[in-house]
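Residue-level listing of the chains:
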Amino acid sequence: FRSKTDQEAERVNVGASDPILKRSFRGHKDTISSVAFNPNLKQVVSSGKEGVVTVWNFKPTMRPFKFVGHKGPVHELAMHPSGNIIASASHDMTVRLWTNSVEGHSQVIKAHSASVRTVDFSCDGQLLLTGSDDKTLKVWTTVDRRFQFSINAHANWIKSARFSPDVRLLASGSDDKTVKLWDVSRKANVHTFLDHTGVVNSVRFHPDGTCIASGSHDKKVKIFDIR
């Protein structure tokens, strides 16, 4: 038996949590590969297999910004914590840092010797992480795009890589079916997780830095405690 109050509370909760389509944006000419919110929550950015990066403004009167420059598909995007810079990782072996404005000026980082699959900014915005089909991870400074170091990380293509929230660690996932944890200061492998039986497509740190989540071709999500 449920009281009238319980029934009313249930109706309120259901109504409040029902998801709805808020906005829909169209303009890409091929598959969309990645999306990212601006931290100011006034824009969403998308990249397509046609090599274009598009900034969609939530304000209806503002037109989208389209950034053209890559000579191949864009695999992943990252938004700088300031919201002023967009990083795009491309099949053309480069990473571009775009100024988030209508002009869309970009600075090119000739990052790797093969397709760049993944890109990430550190939480403080000072460093940029890239991962590639050349099996390496590389770290750069954001302001002047200076190369810091490279790690020969995996035995096959790197599909995903992320900084930890405190920027002390890196996590990477690869076609070699492993998830690896790296110490940034020592540039050394801390641990290799061999639990997946398929390609690892995605890795993420928990916001408090205590766990890593990974997703794989083996249809499994795994959570690794790294404390």
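About the cut-offs
- Residues numbered from 1 in each chain as written.
- Predicted model: local features only at pLDDT ≥ 70, side-chain atom pairs only at ≥ 80, totals over all residues.
- Heavy atoms only, no water.
- Pairing = 2+ DSSP bridges.
- Helix = DSSP H or I, 4+ residues; strand = E, 2+ residues; numbered from the N terminus.
- Axes fitted to C-alpha atoms, helices over the stretch in contact; angles between N-to-C directions.
- Phe/Tyr/Trp six-rings, centres within 6.5 Å; stacked < 30°, edge-to-face > 60°.
- Lys NZ or Arg CZ within 6 Å of the ring centre and 35° of its normal.
- Buried < 20%, exposed > 50% of the residue type's maximum accessible area, 1.4 Å probe, protein only.
- Polar contact = N/O pair within 3.5 Å; in protein donor to acceptor, adjacent residues only side chain to side chain.
- Contact = heavy atoms within 4.5 Å.
- Core = buried A, V, L, I, M, F, W, Y, C linked by side-chain atoms within 4.5 Å.
- 1 Å grid on protein atoms, 1.4 Å probe; cavity = no way out; pocket = protein on both sides within 12 Å on 5 of 7 lines; lining within 4 Å.
- Points joined across faces, edges and corners; volume = space filled by probe spheres on them.
- Nonpolar A, V, L, I, M, F, W, Y, C, P; charged D, E, K, R; others polar.

J.: I keep staring at the sheet that holds strand β5 (residues 74-79) and nothing clicks. Help me out?
T.: Strand-to-strand pairing in sheets goes through backbone hydrogen bonds, with the strands running parallel or antiparallel. With antiparallel pairing, the four strands of this open sheet are ordered in space as β5-β6-β7-β8. Taken across any chain shown, the strands that pair with only one partner, and hence form the sheet edges, are β5 and β8 (106-109). In this sheet, neighbouring strand axes are inclined to one another by 20° on average, regardless of whether the strands run parallel or antiparallel. By the bridge criterion, four bridges tie strand β7 (residues 95-99) to β8 in an arrangement that is antiparallel. The partner of Val95 across the bridge, within β8, is Ile109.

J.: Looking at this structure, how should I read the packing of aromatic side chains?
T.: How two aromatic rings sit relative to each other is given by the distance of their centres and the angle of their planes. Enumeration according to the criterion identifies six aromatic pairs in this entry. Grouping aromatic residues by their ring pairs yields a cluster made of Phe25, Phe37, Trp56 and Phe58. When the ring centre of Phe149 is taken as origin, the NZ or CZ atom of Lys187, which lies over that ring, is 5.0 Å away.

J.: What should I look at first to understand the sheet that holds strand β2 (residues 43-48) in this one?
T.: Ordered in space as β1-β2-β3-β4, the four strands form an open sheet in which the pairing is antiparallel. Strand pairing shows two members of the sheet lacking a second neighbour, β1 (32-37) and β4 (65-68), which therefore form its edges. Neighbour-to-neighbour, the strand axes of this sheet turn through a mean angle of 15°, independent of strand direction. Two strands pair when backbone bridges link them, and β2 and strand β3 (residues 52-57) are joined in this way by five bridges, in the antiparallel orientation.

J.: Just checking my understanding: could you explain the side chain of Ser214 for this structure?
T.: The topology assignment puts Ser214 in strand β18 (residues 211-216). Taking the relative accessible area as the measure of exposure, Ser214 reaches 2% and is therefore buried. Side chain to side chain, Ser214 and His196 meet in a polar contact 2.7 Å long. Once residues lying within four places of it in the same chain are set aside, the contact partners of Ser214 are Val179, His196, Val200, Ser202, Val203, Lys220, Val221, Lys222 and Phe224.

J.: Got a minute to help me understand the nonpolar core in this structure?
T.: Grouped burial of nonpolar side chains is what soluble globular proteins tend to show. Membership of the largest hydrophobic core comes to 14 residues, with the highest contact counts inside it found for Leu129, Leu137, Val139, Ile151, Phe163 and Leu170. Among the secondary structure elements, those contributing two or more residues to this core are β10 (127-132), β11 (136-141), β12 (147-152) and β13 (158-163). In terms of residues, this core owes the most to one element, β13, which gives three residues. Not counting the four nearest positions on each side in its chain, Leu129 is found in contact with Thr118, Val119, Asp120, Leu137, Lys138, Val139, Ala161, Arg162, Phe163 and Leu170. Judged by nonpolar contacts, the second largest core, of 12 residues, contains Ala78, Val95, Leu97 and Ala111.

J.: So what exactly am I meant to see when it comes to the pairing of β18 here?
T.: Note on strand geometry: in a regular strand, side chains alternate between the two faces of the sheet. A large share of β18 lies buried, amounting to five of its six residues. Across five bridges, the pairing between strand β17 (residues 200-205) and β18 is antiparallel. Note on β18: the bridge partner recorded for Val200 is Ser216. Linkage of β17 to β18, two consecutive antiparallel strands, is achieved through a turn of five residues, within which Gly209 is found at a positive phi near 80°. The pairing of β18 with strand β19 (residues 221-225) spans five bridges and is classified as antiparallel.

J.: In this structure, what is going on with the layout of surface pockets? I would like to understand it.
T.: Take a probe with the size of a water molecule and roll it over the atoms, and the empty space left behind shows itself. Taken as a whole, the largest pocket holds about 710 Å³ of empty space. Leu77, Val119, Asp120, Arg162 and Arg204 are the residues nearest the centre of the largest pocket, which is lined by 30 residues in total. Of the residues contributing to the lining of the largest pocket, the split by class is 15 nonpolar, eight polar and seven charged.

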